[in-house]
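Observations on chain architecture
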Amino acid sequence: MPGYVYVLLLIVFIVIVLVSRIRIVPQANVYVVERFGAFYKAWSTGIHFLVPFLDRVAKRISIKEQVVDFKPQAVITKDNVTMQIDTVVFFQVTNSVQYAYGVEHPIAAIENLTSTTLRNIIGELELDATLTSRDFINTRITETLDQATDRWGIKVIRVELKNILPPNEIRDAMEKQMKAEREKREKILRAQGEREYQVTVAQGEKEAKILRAEADKEAAILKAEADKEAVILRGEAIKEQKKRIAVGEAEAIALVQKATAEALERLNTANPNEAVLQLKALEAFEKAADGKATKIIIPSEIQGLAGLAAGIKETIASDPSEKTAAAANNKTAQ
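Residues numbered from 1 in each chain as written. Predicted model: local features only at pLDDT ≥ 70, side-chain atom pairs only at ≥ 80, totals over all residues. Heavy atoms only, no water.

Together, Val7, Leu10, Ile11, Phe13, Ile14, Val15, Leu18, Val19, Ile22, Ile24, Ile47 and Phe49 give the surface a local cluster of nonpolar side chains, amounting to about 1,100 Å² of exposed area. Elements that contribute at least two residues to the nonpolar patch include exactly α1 (3–20), β1 (22–25) and β4 (46–49). Mapped onto the elements, Ile22 comes out in strand β1. (Patch = residues over 30% accessible without salt bridge, like charges linked within 9 Å, V, L, I, M, F, W, Y side chains within 5 Å. Areas by Shrake-Rupley, 256 points an atom, 1.4 Å probe, with all protein chains shown as cover. Salt bridge = Lys/Arg side-chain N within 4 Å of Asp/Glu carboxyl O. Helix = DSSP H or I, 4+ residues; strand = E, 2+ residues; numbered from the N terminus.)

Moving on, we come to helix α5 (residues 134–149). The terminal C-alpha atoms of α5 lie 22 Å apart, and with 16 residues this matches the ideal 22 Å at 1.5 Å per residue to within 8%. Looking at the buried side of α5, the elements it contacts are α3 (106–122), α4 (127–132) and β9 (154–165). (Expected span 1.5 Å × (residues − 1). Contact = heavy atoms within 4.5 Å.)

Mean pLDDT over the protein chain stands at 81; residues scoring 70 or higher make up 79%. Confidence scores differ between elements of the protein chain, with helix α9 (residues 320–333) showing the lowest mean pLDDT of 45 and strand β2 (residues 29–35) the highest of 93. Low pLDDT (under 50) marks residues 315–334, which in the prediction has 12 contacts with non-local residues, meaning those over four places away or in another chain. (pLDDT = per-residue confidence, 0-100.)

Right, let's talk about the nonpolar core for a bit. Note on soluble globular proteins: their nonpolar side chains tend to be buried together. Grouped together as the largest cluster of nonpolar side chains are 32 residues, with contacts concentrated most on Ile85, Val89, Ile110, Leu118, Ile137, Ile141 and Leu161. Every residue in contact with Ile110, bar those within four places of it in the chain, is listed here: Phe70, Val89, Phe91, Leu145, Thr149, Trp152 and Ile154. Judged by nonpolar contacts, the second largest core, of six residues, contains Val25, Val33, Leu50 and Val57. (Core = buried A, V, L, I, M, F, W, Y, C linked by side-chain atoms within 4.5 Å. Buried < 20%, exposed > 50% of the residue type's maximum accessible area, 1.4 Å probe, protein only.)

α5 packs onto α3 with a crossing angle of 135° between their chain directions and a minimal axis gap of 10 Å. Relative to α5, the element α3 is oriented oblique. Viewed along their axes, α3 and α5 form a crossing whose handedness is right-handed. Seen from α3, the contacting residues are Ile110, Leu113, Thr114, Thr117, Leu118, Ile121 and Ile122; seen from α5, they are Ile137, Arg140, Ile141, Thr144, Leu145, Ala148 and Thr149. (Axes fitted to C-alpha atoms, helices over the stretch in contact; angles between N-to-C directions. Parallel < 35°, antiparallel > 145°, perpendicular 65-115°, else oblique. Left-handed = near helix turned anticlockwise from the far one by under 90°.)

This part is about the pattern of salt bridges. For the coordinates displayed, the defined rule picks out nine salt bridges. In this structure, Asp69 engages Lys162 in a salt bridge whose closest nitrogen and oxygen atoms are separated by 2.8 Å. With Asp69 in strand β6 (residues 66–69) and Lys162 in strand β9, this residue pair connects regions lying 93 residues apart in the sequence. On the basis of relative accessible area, Asp69 is assigned to the partly exposed category, the value being 43%. Take Lys162: its relative accessible area is 42%, and that puts it in the partly exposed class. A salt bridge links Lys155 to Asp146, with the shortest nitrogen-to-oxygen separation between them at 3.0 Å.

With respect to the element layout, Glu34 can be found in strand β2. Judged by its relative accessible area of 8%, Glu34 falls in the buried class. A polar side-chain atom of Glu34 sits 2.8 Å from a polar atom in the side chain of Tyr101. (Polar contact = N/O pair within 3.5 Å; in protein donor to acceptor, adjacent residues only side chain to side chain.)

Before going further, it helps to examine the side chain of Thr130. Within the secondary structure, Thr130 is located in helix α4. Of the residues examined, Thr130 reaches a relative accessible area of 0% and is grouped as buried. Ignoring sequence-local partners within four residues, the contact set of Thr130 consists of Thr77, Met83, Ile122, Leu125, Ile137 and Ile164.

Another aspect to go through is the environment of Thr45. Note on placement: Thr45 falls in the loop between β3 (38–43) and β4. A relative accessible area of 40% means that Thr45 is categorised as partly exposed. Along the sequence, Thr45 and Val30 sit 15 residues apart, while their C-alpha atoms lie 7.0 Å from each other. With near-sequence residues (within four places) excluded, Thr45 lies in contact with Val25, Pro26, Gln27, Ala28 and Asn29.

Let's shift gears to the sheet that holds β2. One open sheet accounts for three strands, arranged β3-β2-β5; its pairing is antiparallel. The two strands at the open ends of the sheet, each matched to only one other strand, are β3 and β5 (55–62). Across the sheet, the axes of successive neighbouring strands diverge by a mean angle of 25°, strand direction being ignored. (Pairing = 2+ DSSP bridges.)

Turning our attention to unusual backbone geometry. Phi is positive for Ala28, close to 65°, though the residue is something other than glycine. As for its placement among the helices and strands, Ala28 is situated in the loop between β1 and β2. Using a relative accessible area of 17% as the deciding quantity, one classes Ala28 as buried. Positive phi, normally seen in glycine, also occurs at Phe53, with a value near 65°. Looking at the element boundaries, Phe53 is found in the loop between β4 and β5.

On to the packing of aromatic side chains. All told, the structure shown has one aromatic pair when counted by the stated rule. Arranged with centres 6.1 Å apart and planes meeting at 80°, the rings of Phe39 and Tyr101 form a pair that is edge-to-face. One end of the pair, Phe39, is in strand β3; the other, Tyr101, is in helix α2 (residues 96–102), and 62 residues separate them in sequence. Overall, Phe39 belongs to the partly exposed group, its relative accessible area being 39%. Judged by relative accessible area, which is 40%, Tyr101 ranks as partly exposed. (Phe/Tyr/Trp six-rings, centres within 6.5 Å; stacked < 30°, edge-to-face > 60°.)

Next up, the structure:
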């Protein structure tokens, strides 16, 4: 075989070896490189080259936040109740070198440390406090794990209690207690609702009675005011009626007096003789005789004239009754 073939093969081998020693570190990853078995360098994101036969990648580490869900752990509370608790740990590698060389199995170390810390914390609490103190327990475990894992290049961000499982008999007792509490609250709420209903009905009836009483009062007041106004109006109407009657009577009297005065004035103007005056006196006597008086005194000056008038009347009258009455009048006049 020619010599150039060996050279070509050697060149190909060297190229293959060099290409195989090229390493590309992905994002959010760190490669820990050793040279001659000792730590040499921690490679971050990018292209790197391993020296053939000298360097090797000892560990590939992710620096992203990681979540580890551990199996349930048996713990005993202060009041001797055994329960199962499983936890979830959120952590991140902050120092790849310490993470690679600080502990042999970091995840197992975190699990064991979480278990022991959880037992210590739960051992100080009773069952009821354990069930109601999740935030307190989470904070205590997080602080303890963060301090312990700091030398391993690990930052514990958060620890959460995923499940708390008491024994079956405890769960049954708790369910019965919860059922009793719910029934108690139901009865209390029902009683409160019934009381509020009764109070509301009573208040409604009270307000209705008050409104009815106020309405009756206002109706009575309005009726009294209406009656008062009616009485006042009737009084004013009667007063106005009497006033108008009085005015009418006064006007009638005034008219009669005025007519009488005018008649006397005309009589005086006419200058009547003695016979006319006696005739007027006779007419006045006739009006006086129409009254209910039992005795009538006739002046002497009109006695003759009265007899003359009675005789004339008797002569003219055709009715016997009228003659009898005329005779009686004549006799009375004599």
